[in-house]
Structures are given as C-alpha cells and as structure tokens.
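Listed here are the chains, written in short residue letters.
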Amino acid sequence: MSPPPEKAGLYVHFPFCRRKCPYCHFASVPLPDGGFAAWREGLDREAALRSGLGLEFDTLYVGGGTPSLLGPADISELLELLGRHFRLSVREFTLEANPASETGPETLAGWSQAGVTRLSVGVQAFDDRTLEILGREYAAAAAESFLRRARAAGFRSVGLDLMVGVPGETPASLERTLEAVERTSPDHVSLYLLENVEGLPFETVLKNNPVDEDRAADAFELAAAGLRRLGFERYEISNFARPGHACLHNLKYWRYEPFLGLGPSAASHVGPERWSNIEDVGRWVAALRDGTGPRAEGVALDPARNFREALVSGLRLVGGIDLADFRARFGVDLRAWFAPEIAAFERDGLIIIEQDILRIPEDKLLVSNRVLAAFV
Ligand code: SF4
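Every value quoted in this text rests on a predicted model; they were computed, and no experiment measured them. (Residues numbered from 1 in each chain as written. Predicted model: local features only at pLDDT ≥ 70, side-chain atom pairs only at ≥ 80, totals over all residues. Heavy atoms only, no water.)

Novice: Can you walk me through the overall build of the protein in this structure?
Specialist: Along the backbone of the protein there are 15 helices and 17 strands. Taking 21 Å as the expected radius of gyration for a compact globule of 376 residues, we find that the protein reaches 21 Å, a close match to that expectation. A burial count over the protein gives 51% of its 376 residues as buried. Of the contacts formed within the protein by residues at least 6 apart in sequence, a portion of 72% connects residues at least 24 apart. Of the accessible surface of the protein, which amounts to about 17,100 Å², a share of 51% is contributed by carbon and sulfur atoms. Of the side chains in the protein, 41 bear a positive and 53 a negative charge, and the two mean positions are spaced by 2 Å. (Helix = DSSP H or I, 4+ residues; strand = E, 2+ residues; numbered from the N terminus. Rg over C-alpha atoms; globule rule 2.2 N^0.38 Å. Buried < 20%, exposed > 50% of the residue type's maximum accessible area, 1.4 Å probe, protein only. Contact = heavy atoms within 4.5 Å. Areas by Shrake-Rupley, 256 points an atom, 1.4 Å probe, with all protein chains shown as cover. Lys, Arg positive; Asp, Glu negative; His and termini not counted. Charge placed at Lys NZ, Arg CZ, Asp CG, Glu CD.)

Novice: Hey, could you run me through the sheet that holds strand S17 (residues 357-359) in this one?
Specialist: Note: strands within a sheet are paired through backbone hydrogen bonds, in either parallel or antiparallel orientation. Pairing within the open sheet is antiparallel, and its three strands lie in the order S15-S17-S16. At either end of the open sheet lies a strand with only one pairing partner, and these are strand S15 (321-322) and strand S16 (352-354). In this structure, S15 lies alongside S17, joined through two bridges in antiparallel fashion. Each bridged residue has a counterpart across the sheet, and for isoleucine 321 the counterpart in S17 is leucine 358. (Pairing = 2+ DSSP bridges.)

Novice: What should I look at first to understand the site of the ligand in this one?
Specialist: Taken together, Cys17, Arg19, Lys20, Cys21, Tyr23, Cys24, Ser28, Gly65, Thr66, Asn98 and Arg136 form the complete shell of residues around the ligand. For the shell around the ligand, the class distribution of residues is four nonpolar, four polar and three charged. (Near = heavy atom within 4 Å. Nonpolar A, V, L, I, M, F, W, Y, C, P; charged D, E, K, R; others polar.)

Novice: Mind showing me how you'd approach the nonpolar core here?
Specialist: Side chains that are nonpolar tend, in soluble globular proteins, to be buried together. Ranked by size, the top nonpolar core spans 67 residues in total, and within it Trp39, Leu82, Trp111, Leu119 and Leu191 carry the most contacts. Excluding residues within four positions of it along the chain, leucine 119 makes contact with Leu95, Ala97, Leu108, Trp111, Phe146, Ala150, Phe155, Ser157, Val158 and Gly159. In terms of nonpolar packing, the next biggest core, distinct from the first, is built from 27 residues, Tyr256, Val312, Ile351 and Val371 among them. (Core = buried A, V, L, I, M, F, W, Y, C linked by side-chain atoms within 4.5 Å.)

Scope: geometric values only; no functional claims are made or implied.
Structure representation (structure tokens):
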C-alpha cells in the first residue's frame, strides 16, 4: 500500500495594518480607505490559479500585516473562499493578532467559532518604555488584558511574540515582561532579536541609541532562561512552547515539508520549486487580473540544493535531524557527505551526533550562522 500523500501548509498574507511601525520590515501597508476588497479578489484569483496543484492542507496560517483587522464574518468568508478551491482538513488554524486591535470578547469568541484554533499575538514586550520606543500603539496593561481575554475565548492555543535587543531595555524591563508572561500563561512564545534593517525609520533610533550585539545576545539568553524556568520548552532557535503546543504550521517550514503561500509577498515551496509573490498589493492584484501571474521570483531546486536547504532548515530545530530519515528522504548520507565539516564542528562543540541525530547544541543555536553557512 502506498503511503498517504503528504499534507501541506497553507499561508495567507494579509498585507494591511492600521499604520506602519517604525522598525517593521514585513510586507505591510496602511489599510486603504476602500478596505480590503481588492485583496480578497486577488486571493480568490490566486487560489483558483493554484487549485490545480492538487494539494491538501492540514494547517492554515493567516499572517501579516494585522490580520486581526478581519472580523469573524471575514474569517468565515475566507475559509469559504479557500474551501472552494482546495481540500482542507485543517487541524491548526493560526491567526496573527495585534493587541491594539479593537477586539471585544465577542470578536475573540467569534474568531474561535469561525474556526481559528490558535492565536498568535504580537505583544513584543510587557514594558511601557520598550513599547513606546518600538512605536507600538498600546500599553503593557492593554496587551495583558488582550491575552487574558484571548485565553478565555476558547482557542486551543494562545501564543505571543516578544522582541529583545531593543534600545533602553534593561534586566528589570525584561523581568517585567517575564512576570507578565507568567501571569498571562500563554502556550507558546516566539522570541526575536530586533533587526536593524537599513532604510527604515527605526534606523535613526538605533543610530542615536545603539544596541551592543553582545548585550542583545545576553538579553536573548536571559529571556530564554526565564521562559525555560516558566516551563516552556525551546523547540526552534526562536520558538518556545508548552508540551503539545509547538506550531504545526511553522514546523512544516523547518521540516522542509510543502507549503503554499497566497497573497502579496507570500512564499511557497511545492515539489522541486520555491517562489515568492510580488510584494506590492496593487501590482499583485493587477498581475492576477491580467493573467501575467503573481510570482516575483522563483527557483527550481536541483536535488543537491534541495537536500542542503532541508539540512539548514532542520538544524534550526532543537531536536535536530534524524540521519536515517534524511537518508530515506533525500538519498544522502550526511555523515559521509559533510565528513570534514561535521568533524570540525564537533571538535568546536557546535554540532553533536547522538543516536543518529545531528543537531546544534541548544546553547549554540544563537550563534549557529557559521554552521548553517557551511552547509548552504
Ligand atoms: S503591526 Fe506588525 S506587521 Fe504591522 S507595521 Fe507593525 S510590526 Fe509591521
């Protein structure tokens, strides 16, 4: 009997926010006065275009942007639209939410009733000064209240994003954030280092208040240690979860499983092809209307590139890569193929092989770029 076909992950990009945060490098623009009808039309067209791929999806992730600008009725419509074009057997449906969104208990419960199983809340910090520096529109108490209401609304999983390495951050401000994490008791935390991306308004803030890289890394480790103390298990460089709450959709990326992205800037990886969409909303819709297609760029992956990318993605996971599984999947014995590199990294304590699992030790994940670069 042949194995059942692999189910893929479906990502939908909602490209609008109420306004642009000064540090943000995501594909998002302020919500136009006319609303998001053109986005929905583009989505319908793109889903129709991709329906021929014959994929079945068991995870759905609506990210952005600020998809919490979508009400429960919009979420139901979105599911109905996707269901017209694809086979869906969704066991995890994540919606990204901004604590500044005007969401009363009826909206939160409405999302849950519409099918959202997992809420991922972009908190960044539970410290007013840090939130002010980041230009976020809410106070720490409001974020905490949002989390409490979200917890009461019936989602299977509630997660939050935190950012460290922010100018003005102190051990005390980090501690305040960790205390609020303890009080709000989420199921999942994603922990990121603030990136200094050239050309963003935040570049000036960082020029005037530079953040030392080592201090930022220390802050990350301090926060990571705090999360472990609170019972979270780290399962990827930036992701921590309580048992049973790892994000199934994002695991598909790291396990190099197929995913389809719809919407401006969305990325896809299906079979031997990887591509990403046009970022500009207007151009993305126009390309779908005139039939030229929404892709901005794409690459056909040859077998060598395919297994190297799978290796680099898999090494981001704390659990590492099962060498026997990898051999069965890609026909490559990593131990033999990368013998000199692996030996050198083992000597430096940057790689461990135990019981046929190849992994980067957890305390070296943050400095794993050197290892990952050697395998690209
Ligand atoms: S809310 Fe999120 S996606 Fe929107 S501008 Fe701010 S950081 Fe970017």
